[in-house]
Amino acid sequence: MPDDLLDYGWLIGIFAIALILGPLFALRPTSQKRGKVPMPEDWKARLARLPHAACIDDAQRLRWHDDVESFWNRVTVAGCQGFWVNADVRLTIAGYACLLRLNAPKGPPYPQLKTVLVYPQPFLVPQTEPDEYGLVPDEPIEQIGESWSGERVIVSWADVEAALMGDAVNVLVHEFAHQLDDESDDASGAPPWRDADRWAKVMQAEYDTLQRHRRPKVLDAYGKESPEEFFGVVMEAYFQRGADMARHHPALYQLLEATFGLSTEQVTWRTEVLVAP
């Protein structure tokens, strides 16, 4: 066979491989590899612009900065469906994850966590739980966040932005509360460093009260699902509706303030979108 035909054949083969593999690579999360993204020089100033940054004192801020830096260097944050993860996205995720554990024993934050996936909007996931007839529905369900057994967190960035602007739902706080719960070996719906007796007494009383209320004023009714989801819902209200919680659930607010070290009654929300999804 002439050499020019052989060369032409190689080109056709390479082009065919590109057509096959191109879409597969396009489906990969869009982010840089772990440890390859340097923190911006002004990262501390950017963290300070998060709404809840004003809720901590100077000593807590030093701990916060150390944990955020550790989180940044160890946890992969990747975008899905074309969402690009920039420094502000990474810092927002790391910042809120680490605000939850300011009172935790010192050590790497979320040691089991490997990856955070960020979708631009709520995403669809297959249903795995059977209905009342024992059948698993074919239709997927829309989610704004998920936490997978300590190793992975998934969030909708549109809902992160909404929380920064004062929405009652804070998907980062909710899902990272589940991560803390996964670190607790002796209880469901609790951080590992809590005052166990006080936590059990207050949380059980509040959980029982929520079960009786058809239209609760502060806590989302989704918390009725289980102690684990109740913990996530309670943490969202603590961060997003601190003043309302302190007024309507004083014992609960005092418990969370003592456990997590944040005074969340006064928060100044963002008025502009941080990163457009």
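Residues numbered from 1 in each chain as written. Predicted model: local features only at pLDDT ≥ 70, side-chain atom pairs only at ≥ 80, totals over all residues. Heavy atoms only, no water.

Draft legend 1. Main features of the pairing of strand β1 (residues 76–79). Side chains Thr76 and Ala78 of β1 all project onto a buried face; the interleaved residues Val77 and Gly79 project onto the opposite face, where all are buried too. Relative to strand β2 (residues 115–119), β1 runs parallel, the two being bridged by four bridges. Within β2, the residue paired with threonine 76 across the bridge is threonine 115. In the classification by handedness, the crossover that spans β1, the intervening helix α4 (residues 87–99) and the parallel β2 is left-handed. (Buried < 20%, exposed > 50% of the residue type's maximum accessible area, 1.4 Å probe, protein only. Helix = DSSP H or I, 4+ residues; strand = E, 2+ residues; numbered from the N terminus. Pairing = 2+ DSSP bridges. Right-handed = clockwise from strand over helix to strand, strands pointing away.)

Draft legend 2. Quick look at the packing of aromatic side chains. Inspection of every chain in the model, using the stated rule, returns 13 aromatic pairs. With centroids separated by 6.0 Å and ring planes inclined at 35°, the aromatic side chains of phenylalanine 83 and tryptophan 157 adopt a geometry described as tilted. A residue pair is termed long-range when its members are at least 10 positions apart, and phenylalanine 83 in the loop between β1 and α4 and tryptophan 157 in helix α5 (residues 157–164) qualify at 74 residues. By relative accessible area, which is 0% here, tryptophan 157 ends up buried. (Phe/Tyr/Trp six-rings, centres within 6.5 Å; stacked < 30°, edge-to-face > 60°.)

Draft legend 3. Structural view of the pairing of β2. With five of five residues buried, β2 is to be regarded as a mostly interior element. With burial as the criterion, each face of β2 is covered, one bearing Thr115, Leu117 and Tyr119 and the other bearing Val116 and Val118. Where β2 and strand β6 (residues 152–156) come together, five bridges link them in parallel fashion. Each residue of the ladder has a partner; that of valine 116, found in β6, is valine 153.

Draft legend 4. Representation of the nonpolar core in the model. Grouped together as the largest cluster of nonpolar side chains are 70 residues, with contacts concentrated most on Phe71 and Phe176. Of all the elements, α4 adds the most residues to this core, at nine residues. In this structure phenylalanine 71 touches Ile93, Ala94, Ala97, Cys98, Pro109, Tyr110, Leu113, Val116 and Phe176, once residues within four positions along its chain are discounted. Formed by seven residues, the second largest nonpolar core is a distinct cluster that contains Cys80, Leu117, Tyr119 and Val125. (Core = buried A, V, L, I, M, F, W, Y, C linked by side-chain atoms within 4.5 Å. Contact = heavy atoms within 4.5 Å.)

Draft legend 5. How the structure looks around the packing of helix α7 (residues 196–212) against helix α10 (residues 250–260). Running from N to C, α7 and α10 point in directions that differ by 145°, and their axes come no closer than 10 Å. Crossing geometry of α7 relative to α10 is assigned as left-handed. Of α10, the residues touching α7 (which contributes Arg198, Trp199, Val202, Met203 and Glu206) are Ala251, Leu252, Gln254, Leu255, Leu256, Ala258, Thr259 and Phe260. Each residue belonging to the contact of α7 with α10 can be placed in one class, and the counts come to nine nonpolar, two polar and two charged. (Axes fitted to C-alpha atoms, helices over the stretch in contact; angles between N-to-C directions. Left-handed = near helix turned anticlockwise from the far one by under 90°. Nonpolar A, V, L, I, M, F, W, Y, C, P; charged D, E, K, R; others polar.)

Draft legend 6. Representation of the sheet that holds β2. The strand order across the open sheet formed by four strands is β1-β2-β6-β5, and the pairing between neighbours is mixed. Looking at the sheet topology across the chains shown, the edges are occupied by β1 and β5 (145–148). In this sheet, adjacent strand axes meet at a mean angle of 15° when their direction is disregarded. Set on the sheet, α5 makes contact with β2 and β6; between it and β6 the angle comes to about 75°. Across the sheet, helix α6 (residues 171–183) lies against β2, β5 and β6, angled at about 165° from β6, the strand it touches most.

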